[in-house]
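Geometric and topological summary
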Amino acid sequence: MMKLWRENRIAAIIVTIVRFVVGYAWLTAGWHKITGATPFNAGGFLNNAVNNPVIDKATGEAVYPTYQAFLEHFALPNVKIINVLIPWGEFLVGLGLILGTLTLTAAFFGLMMNFMFLFAGTVSTNPWLLLLGMLVVVAGTNAGRFGLDRYVLPLIHKGTDRLFHHKPKNPTTGEGALAK
């Protein structure tokens, strides 16, 4: 089944449609925050998530205490950074998914935002975006088959191959160590 999603042309078409749907949702969410009449401020959301955590009904305990601590001790003190990261993160995830550029990276960061919002107790469209985003990740590079990944990924691989497989120079000849 995994081979189907990762290699099949029809599956690539289906995942491309999914990419567009999820990408549009992320792109518009970020764009509205970036261009809104009032500047985006996550402070109220973060305070609410800290003061009203997701509670286990049986025990009355917070379900995600480490996430609550992260919000309280990192996110809230750095809310100015969060106010930039969320809208631009949403926008760039959407753009990457729509264009099929760094598709898996965009899907990964979209999934991370979905999880963060769910940990804070916000359901909204997050479960749907999470499910569809996971389909994009399962498809692997086939998800960007009909996108700019077809051109971008070979360039990235070529650059990283040069960087990590650089042959040290022979001090006597000045050529690569394996050269004769």
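Owing to the predicted nature of the structure, the values given are computational and were not obtained by experimental measurement. (Residues numbered from 1 in each chain as written. Predicted model: local features only at pLDDT ≥ 70, side-chain atom pairs only at ≥ 80, totals over all residues. Heavy atoms only, no water.)

**Some words on the overall build of the chain**
Heads up, the condition is: To qualify as a helix, a DSSP run of H or I must reach at least 4 residues; to qualify as a strand, a run of E must reach at least 2; elements of each kind are numbered from the N terminus. Here the radius of gyration uses the C-alpha set of atoms, whereas the globule reference equals 2.2 Å times the residue count to the power 0.38. Charge counting treats Lys and Arg as positive and Asp and Glu as negative, with His and both chain ends excluded. Each charge is placed at NZ for Lys, CZ for Arg, CG for Asp and CD for Glu.
In terms of helices and strands, the chain carries eight helices and zero strands. Of the regular secondary structure in the chain, the N- to C-terminal order runs α-α-α-α-α-α-α-α. Scaling as 2.2 N^0.38, a compact globule of 180 residues should have a C-alpha radius of gyration of about 16 Å, whereas the chain reaches 21 Å, well beyond that. With the C-alpha coordinates aligned to their principal axes, the bounding extent of the chain is approximately 70 × 45 × 40 Å. The centroid of the 14 positive side-chain charges in the chain is displaced by 14 Å from the centroid of its 8 negative side-chain charges.

**Section: helix α7 (residues 126-139)**
Keep this limit in mind: A helix is expected to reach a length of 1.5 Å times the quantity of its residues less one. Note on definitions: a residue-residue contact is assigned when non-hydrogen atoms from the two residues lie within 4.5 Å.
With 14 residues, α7 should cover 20 Å at 1.5 Å per step; its first-to-last C-alpha distance of 20 Å lies within 8% of that length. Elements in contact with the buried residues of α7: α1 (2-7), α2 (9-35), α5 (79-99) and α6 (103-119). Looking one or two residues past α7, Gly140 carries a phi angle of roughly 60°, positive in sign.

**Focus on the packing of α6 against α7**
For any two helices packed against each other, the geometry is given by the interaxial angle and the distance between the axes. Counted only if it meets this: To get an axis, a line is fitted to the C-alpha atoms, and for a helix only the part in contact is used. The angle between two axes follows their N-to-C directions and goes from 0 to 180 degrees. Every angle not falling under 35 degrees, over 145, or within 65 to 115 is termed oblique; those three ranges are roughly parallel, roughly antiparallel and roughly perpendicular. Should the near helix be turned counterclockwise from the far one by less than a right angle, the crossing is left-handed, whereas a clockwise turn marks it as right-handed. By the convention adopted, Pro, Cys, Tyr, Trp, Phe, Met, Ile, Leu, Val and Ala count as nonpolar, Lys, Arg, Asp and Glu as charged, and the other residues, Gly among them, as polar.
Where α6 contacts α7, the axes come no closer than 9 Å and their chain directions differ by 150°. By the criterion of interaxial angle, the relationship of α6 to α7 is roughly antiparallel. When you trace α6 past α7, the crossing you get is left-handed. Here Thr103, Leu104, Ala107, Leu111, Asn114, Phe115, Phe117 and Leu118 of α6 lie close against α7, whose contacting residues are Asn126, Pro127, Leu129, Leu130, Gly133, Met134, Val136 and Val137. Classifying every residue of the contact of α6 with α7 gives 12 nonpolar, four polar and no charged.

**Overview of the confidence of the model for the chain**
Counted only if it meets this: What pLDDT conveys is the predictor's confidence in a given residue, as a value from 0 to 100.
Across the chain, the average pLDDT comes to 92, with 92% of residues at or above 70. At the level of individual helices and strands, the chain shows its lowest average pLDDT in helix α8 (residues 149-164), which scores 89, and its highest in α5, which scores 98.

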